[in-house]
Amino acid sequence: MAMNPHHQELLKLIKAKAGKATQHTFSDSYLGNPHPRYAINAPTLRAIGRGWIKAHREMPAKGFVPVLTSLIEGESATEKFMAGVLLDYATPDQRQFKPTVFGAWLEHLVGWAEVDVVCTGKYTLTEIPAQWQAWKPLLLKFAKSKNIQTRRASLVLLCSPLSRNVNAELVTVALQNIDRLKGEKDILITKAISWLLRTMVKHYREAVEEYLGENSESLPRIAVRETMVKLKTGRKTSKKF
């Protein structure tokens, strides 16, 4: 598939600020994938994305989605991260696309960093509640996927909306997906369950306490431990002196 011209434009801007793509063993292990990355920091990457959106505010969703798809299918993790940045800064009109495209995108994302950059943030915060009738079956489907990246996404996609929105249907689906995935041992899933439960504490404390009370023996230990600390202290981990 030929690279989208706007993808080429963005990649040129990235290279101008960073240089050649590199691979580092420690980062590969930490980020969970072997994709090359450009030596560019997050604020610079976000500045490029913000500037690009400002210059292309009139681009409709039907033109915006191919740019995101091309970036996500790009060789480097940096290009994939840029897709998440653009989703954050996209105009309301640019966000009006069918969420089923996430299913195809997740086939090209590897590791927690790539999945989380694309699946959290301002897009999911606004559009999952706004397009709930389309998102609900998709989230339940993602939890059944053979692809572990997609299963992680079924959890983390709900983190941003649940951090701000009071919506019982979001909670119901979140707990259904946690229940389906709680037996998995991979850290991609166990840490995502912990993150989602901790996110729910702010607006749904009673529901989280009840769920932990009924499922603490079957949930990942790290999820139980971190969520209990969040309930007691408001933090992820206990403060050490």
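Residues numbered from 1 in each chain as written. Predicted model: local features only at pLDDT ≥ 70, side-chain atom pairs only at ≥ 80, totals over all residues. Heavy atoms only, no water.

This part takes up the pattern of salt bridges. Per the counting criterion, the structure on display carries seven salt bridges. One salt bridge in this structure joins Lys182 and Asp179, with 2.9 Å as the shortest N-O distance. On the basis of relative accessibility, which here comes to 15%, the residue Lys182 falls in the buried class. Residue Asp179 is classed as partly exposed on the basis of its relative accessible area, which comes to 37%. Arg205 is the salt-bridge partner of Glu209, the closest N and O atoms lying 3.3 Å from each other. Residue Glu209 and its partner Arg205 are located together in helix 13 (residues 187–215), separated by four residues, close to a single helical turn. Taken together, the shared-partner salt bridges in this structure form one network comprising Lys191, Arg198 and Glu226. (Salt bridge = Lys/Arg side-chain N within 4 Å of Asp/Glu carboxyl O. Buried < 20%, exposed > 50% of the residue type's maximum accessible area, 1.4 Å probe, protein only. Helix = DSSP H or I, 4+ residues; strand = E, 2+ residues; numbered from the N terminus.)

A word on the packing of helix 10 (residues 148–156) against helix 13. Close contact between helix 10 and helix 13 brings their axes to 9 Å; oriented N to C, the two are set at 5 degrees. The angle between the axes of helix 10 and helix 13 places the two elements in the roughly parallel class. Contacts between helix 10 and helix 13 involve Ile148, Gln149, Arg151, Arg152, Leu155 and Val156 from the first element and Ile187, Leu188, Ile189, Ala192, Ile193, Trp195 and Leu196 from the second. Of the residues belonging to the contact of helix 10 with helix 13, the class tally is ten nonpolar, one polar and two charged. (Axes fitted to C-alpha atoms, helices over the stretch in contact; angles between N-to-C directions. Parallel < 35°, antiparallel > 145°, perpendicular 65-115°, else oblique. Contact = heavy atoms within 4.5 Å. Nonpolar A, V, L, I, M, F, W, Y, C, P; charged D, E, K, R; others polar.)

Moving on, we get to the domain arrangement of the protein chain. What the domain assignment reports for the protein chain is domain 1 (1–97) and domain 2 (111–240). Distance between the C-alpha centres of domain 1 and domain 2: 26 Å. Facing 15 residues of domain 1, the contacting portion of domain 2 comprises 13 residues. For the pair domain 1 and domain 2, the summed buried area comes to about 1300 Å², and 57% of that belongs to carbon and sulfur atoms. In terms of surface lost to domain 2, no three residues of domain 1 exceed Phe81, Asp88 and Arg95, which account for 36% of the buried area on that side. Put simply, domain 1 and domain 2 have zero salt bridges between them. Summed over the shared surface of domain 1 and domain 2, the number is four residue pairs in polar contact (both at pLDDT 80 or more). At the level of elements, helix 2 (25–31) and helix 5 (77–89) are the ones that each hand at least two residues to the side of domain 1 that touches domain 2. Top element by residues in the side of domain 1 that touches domain 2 is helix 5. It accounts for six residues. Within the side of domain 1 that touches domain 2, the residues separate by chemical class into seven nonpolar, five polar and three charged. (Domains from an automatic or database assignment. Buried area = accessible area lost by both parts, 1.4 Å probe. Polar contact = N/O pair within 3.5 Å; in protein donor to acceptor, adjacent residues only side chain to side chain.)

By the element assignment, Asn215 lies in helix 13. Separated by 2.8 Å, the side chains of Asn215 and Lys182 make a polar contact. Beyond its immediate chain neighbours, meaning those up to four positions away, Asn215 contacts Asp179 and Lys182.

On to the packing of aromatic side chains. All chains considered together, the criterion is met by five aromatic pairs. Ring plane angle 25 degrees and centroid distance 5.6 Å describe the contact between Phe102 and Tyr123, whose orientation is recorded as stacked. Taken as a pair, Phe102 in helix 6 (residues 101–105) and Tyr123 in helix 8 (residues 122–130) lie far apart in primary sequence, 21 residues in all. Of the two residues, Phe102 and Tyr123, both sit in the buried class. An aromatic cluster is present here, built from Phe97, Phe102, Trp105, Tyr123 and Trp135 joined pairwise through their rings. (Phe/Tyr/Trp six-rings, centres within 6.5 Å; stacked < 30°, edge-to-face > 60°.)

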